[in-house]
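# A structural walkthrough
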Amino acid sequence: MVHAPSWRIVAASLFLVAGAGHAAAQDALSAARGPGHAAIASANFLATNAGFEVLAKGGNAFDAAIAVSSTLAVVEQQSSGIGGGFMALLHRASDKRDVFIDARETAPKAVDMKVYVGKDGKPNRDVSTNGPLSAGIPGEPAGLAWMAEHYGKLPLSVSLAPAIRIAKEGFQPDKRFLGAIDDRKDTLARYPASAALYLPDGKVPAQGWTLRQPDLAKTLERIAAKGADGFYKGETAKLLVSASREAGGNWTAADLEAYKVKEREPLTVDYKGYRIVTAPPPSSGGVAIAEILNILSGFDLTKMDLAHSTHLTIEAMRRAFRDHNEYLGDPDFVKMPLDMLLSRHYADGLRATISPDKATPSDLLPTSMAPEPGMHTTHFSVIDADGNMVASTLTVNLEFGSAFVAKGTGVVLNDEMDDFALVPGQPNAFGLRGALANAPEPGKRMLSSMSPSFVLGANRTAVIGSPGGSTIITQVLEGILAFVDGKSASEITAQKRYHHQYLPDRVDVEDGVFDAATTKTLVDMGHVLRNRSPWGFMNVVTWDHRTNTLDAASDPRRPSGLGKVQ
Ligand code: DON
């Protein structure tokens, strides 16, 4: 039987006993040597190969990550780029340090919430997702320069070289890239520099077309020569600000100069003998994953049939996403009850509200406050020969971000402003409804779902992540559960997926994820199932400490990806 839980009382009392730990998982990495060879999995074979090229020049995983990121910025611009941002988890083998690099975009100083609200009081999606007003100040160039300076072994001129070469010489965009141009053609056509780049002769190009990007190559060369200053000051900054303002944007030189990378302490959660190291705010991903795992740790899912273990997982997702909407934002601007949300006791309280065989309607879970996300954004994973590791998720938000290329730079600006709660309580492009914690303010970072994660066990380690908007969180969660169950990198990337995010109150399912009997049981329990496609682009590398071998796999749903061990 389901009782309407008195959330606020539970929440308030549990806050007092927050922080109790769990028996620590064994940190295999503290004992491990490097594997002696390297593994990279990314969404594009040119990017994976660029990573190996830089490793062969004497680089480490961090230099490889710079090469992979910058190459993706050239060959997979619908998903990420130097006009966007990223969140990366690094593990440095020499001192066993885990650090989270927050290169998320920030709101410009002149941000004005009114421009994102239509006459009807609803979000104005055109302004929040298209053109320069939808763009936050980019973080990726600063993040790459930071990684080179603090963690890499090679200068940016070496780690950016593959990207610069491909931008100059050109490459043949794959079907997915061309399909994204087709999806965004009307908006790309609005802006002359975007149309000139992606719509030769005013049309969506056919397969076999070569895309050369001399302006982007020059922009990357300025970063290679001057580091972050090559983007946030001087020629590039001038071009970005004038292009933005000419097209009705509000960026200033001061906004670009003020951009700062933040290093943050990753979140950790222990689950069934594994330690998961994951993304802290301003990502909501780690908090949600930790909450879900803490709830699930009170059940033995392996003793249940698929319908019942799925039901409990959905219920845990529902509860974690409620908190996501309610409490989370940029930690530099808002106070969040993280001790409460991450505590085992809080999870015990949430677990007690789950009926073993009935869906809880989301309406019964009180709160102050959902469209079809495509699969843009990109994630890659790296382990090098010394045991350094990188999990990095990078984004411009929707396909081709704002679809606005800043003239003279070759840079596609993101449309990350839509990740703010621009109209509190109203859903964003991923159906996520934010509260004041995620309202825009000058210099503030918009909440993200990006969840780059490490899963550390006594015998095995995984580096994992995915694109997918709000489904990033549940995809990574399901990847973690599969790894804990002993699955390999390719089994994890291939497994079928499902997702619940509290509101809308339904389970999104990939075709074939459940057999007919499981589907029937879930529906009888009160779950509303809805088929959905596409489902992410997960790139996973794993390390088996017993045999000291690596494995790498790229999501089989997308043929352009490459997981490689060498
Ligand atoms: O940071 C975020 O959560 C979003 N901007 C990610 C967007 C994304 O994954 C797009 N793909 N579906």
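Now for a look at the structure at hand. (Residues numbered from 1 in each chain as written. Predicted model: local features only at pLDDT ≥ 70, side-chain atom pairs only at ≥ 80, totals over all residues. Heavy atoms only, no water.)

## Some words on empty space enclosed by the protein
Roughly 340 Å³ of internal volume is contained in the largest cavity. Lining the largest cavity we find 39 residues, and of these Asp419, Asn428, Phe430, Leu432 and Leu447 sit closest to its centre. When residues of the lining of the largest cavity are traced back to their parent elements, those giving at least two are helix 4 (125-129) and helix 15 (306-327). Among the residues making up the lining of the largest cavity, the classes are represented as 14 nonpolar, 19 polar and six charged. (1 Å grid on protein atoms, 1.4 Å probe; cavity = no way out; pocket = protein on both sides within 12 Å on 5 of 7 lines; lining within 4 Å. Points joined across faces, edges and corners; volume = space filled by probe spheres on them. Helix = DSSP H or I, 4+ residues; strand = E, 2+ residues; numbered from the N terminus. Nonpolar A, V, L, I, M, F, W, Y, C, P; charged D, E, K, R; others polar.)

## Side note on the environment of aspartate 270
Turning to its location among the elements, aspartate 270 is positioned in strand 5 (residues 267-271). Along the backbone, aspartate 270 and alanine 290 are 20 residues apart, and their C-alpha atoms lie at a distance of 8.4 Å.

## Comments concerning the nonpolar core
Across soluble globular proteins, you tend to see nonpolar side chains buried next to one another. Core analysis: the largest hydrophobic core is formed by 82 residues, its most contacted members being Leu293, Leu296 and Val455. With nine residues, helix 18 (residues 471-484) is the single largest residue contributor to this core. In this structure leucine 296 touches Tyr271, Lys272, Leu301, Leu312, Thr313, Ala316 and Leu481, once residues within four positions along its chain are discounted. Among the nonpolar cores identified, the runner-up in size contains 76 residues, and Ala38, Ala47, Ala88 and Ala217 belong to it. (Core = buried A, V, L, I, M, F, W, Y, C linked by side-chain atoms within 4.5 Å. Buried < 20%, exposed > 50% of the residue type's maximum accessible area, 1.4 Å probe, protein only. Contact = heavy atoms within 4.5 Å.)

## Remarks on the sheet that holds strand 15 (residues 529-531)
As summarised here, the arrangement of the three strands in space is 13-14-15, forming an open sheet in which the pairing is mixed. Each edge of the sheet is formed by a strand with only one pairing partner; in this case those strands are strand 13 (498-499) and strand 15. (Pairing = 2+ DSSP bridges.)

## Focus: the layout of surface pockets
By volume, the largest pocket is sized at about 530 Å³. Taken together, 22 residues form the lining of the largest pocket, with Leu306, Ser309, Leu481, Asp485 and Tyr498 sitting closest to its centre. Among the elements of the structure, helix 15 and helix 18 are those that each provide at least two residues to the lining of the largest pocket. Its residues placed into classes, the lining of the largest pocket shows 10 nonpolar, five polar and seven charged. Considered as a void within the structure, the second largest pocket measures approximately 310 Å³ in volume. As for the second largest pocket, its lining consists of 16 residues, of which Ala142, Trp146, Ala228, Asp229 and Tyr259 are closest to the centre. If you list the elements that add at least two residues to the lining of the second largest pocket, you get helix 5 (140-150), helix 11 (229-232) and helix 13 (253-258). Per-element accounting of the lining of the second largest pocket gives the leading share, four residues, to helix 5.

## Some words on the side chain of histidine 545
Topologically, histidine 545 is positioned in the loop between strand 16 (539-544) and strand 17 (549-554). Engagement of the side chain of histidine 545 in a polar contact is seen with the side chain of threonine 461, the distance being 2.7 Å. (Polar contact = N/O pair within 3.5 Å; in protein donor to acceptor, adjacent residues only side chain to side chain.)

## As for helix 14 (residues 285-296)
With 12 residues, helix 14 extends 16 Å from end C-alpha to end C-alpha; this agrees with the ideal 16 Å at 1.5 Å per step. Among the 12 residues that make up helix 14, 12 are buried, leaving the element largely enclosed by the rest of the structure. Where helix 14 is concerned, the buried positions are Gly285, Gly286, Val287, Ala288, Ile289, Ala290, Glu291, Ile292, Leu293, Asn294, Ile295 and Leu296. Tucked inside the fold, the buried residues of helix 14 contact strand 5, strand 6 (274-278), helix 15, helix 16 (338-341), helix 17 (344-352) and helix 18. (Expected span 1.5 Å × (residues − 1).)

## Considering the sheet that holds strand 7 (residues 378-383)
Across a sheet, strands are paired by hydrogen bonds formed along the backbone, either parallel or antiparallel in direction. Judged by pairing direction, the sheet is antiparallel, and its seven strands sit side by side in the order 4-3-2-8-7-1-18 without closing on themselves. With one partner strand each, in any of the chains shown, strand 4 (262-264) and strand 18 (562-565) form the two edges of the open sheet. Between one strand and the next, the sheet's axes are offset by a mean angle of 10 degrees, whatever the strand orientation. One ladder, built from three bridges, connects strand 3 (residues 97-103) with strand 4; its direction is antiparallel. Paired with isoleucine 101 across the bridge in strand 4 is glutamate 263. Along the sheet, helix 2 (residues 45-56) contacts strand 1 (39-42) and strand 18; its crossing angle with strand 1, the most-contacted strand, is approximately 155 degrees. Of the strands in this sheet, strand 1, strand 2 (85-92), strand 7 and strand 8 (389-395) are in contact with helix 3 (residues 61-75), which crosses strand 7 at around 155 degrees. (Axes fitted to C-alpha atoms, helices over the stretch in contact; angles between N-to-C directions.)

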